[in-house]
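# Working through the structure, step by step
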Amino acid sequence: QVQLVESGGGLVQAGGSLRLSCAASGSIFRINAMGWYRRPPGKQRELVAVITSAGSPKYADSVKGRFTIARDNAKNTVYLQMNSLKPEDTAVYYCNAGVIRIEIPGEYDYWGQGTQVTVSS
């Protein structure tokens, strides 16, 4: 099995910063893309940022220049540094990983449990 555990959410004032972490563990052979998604209140889940195994990032237009995604392949961990936070960034943030497992062929999609980020105005 594979588990993704997120940490780092919380309450912050507008203009502040938070750093999210997501560590993958279990029967992992390799992780391809890793990413962060969010579900704002009353809305559908949306892509925030994704990063390839080679470290190439891609961002949603709404977070470009404010958020930075990074990963540590040795630790199977992905990070999201969020600066200049706005109230509209309030959401439950989920990490995602495309995992190739040791014991079975193919790539499988895994999700974390979610962490709440609340930005007050």
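Please refer to the structure placed before this passage.
Read on for a plain summary of the structure. (Residues numbered from 1 in each chain as written. Predicted model: local features only at pLDDT ≥ 70, side-chain atom pairs only at ≥ 80, totals over all residues. Heavy atoms only, no water.)

### Some thoughts on the overall build of the protein
In terms of regular secondary structure, the protein is built from zero helices and 11 strands. In terms of C-alpha radius of gyration, the protein reaches 14 Å, essentially the compact-globule figure of 14 Å for 121 residues. Sequence-distant contacts, at least 24 apart, represent 56% of the contacts inside the protein between residues at least 6 apart. Total accessible area on the protein is roughly 6300 Å²; 51% of this is exposed by carbon and sulfur atoms. Each charge sign in the protein was given a centre, from 13 positive and 9 negative side chains, and these centres are 2 Å apart. (Helix = DSSP H or I, 4+ residues; strand = E, 2+ residues; numbered from the N terminus. Rg over C-alpha atoms; globule rule 2.2 N^0.38 Å. Contact = heavy atoms within 4.5 Å. Areas by Shrake-Rupley, 256 points an atom, 1.4 Å probe, with all protein chains shown as cover. Lys, Arg positive; Asp, Glu negative; His and termini not counted. Charge placed at Lys NZ, Arg CZ, Asp CG, Glu CD.)

### Let's talk about the sheet that holds strand 1 (residues 2–7)
Taken together, four strands build an open sheet; the order of strands is 1-3-8-7 and the sheet is antiparallel. Edge positions in the sheet fall to strand 1 and strand 7 (67–72), since each has one partner strand and no second. Each strand axis lies, on average, 15 degrees off the axis of its neighbour in the sheet, ignoring direction. Of the strand pairs in this sheet, strand 1 and strand 3 (residues 18–26) are connected by six bridges, and their pairing is antiparallel. (Pairing = 2+ DSSP bridges. Axes fitted to C-alpha atoms, helices over the stretch in contact; angles between N-to-C directions.)

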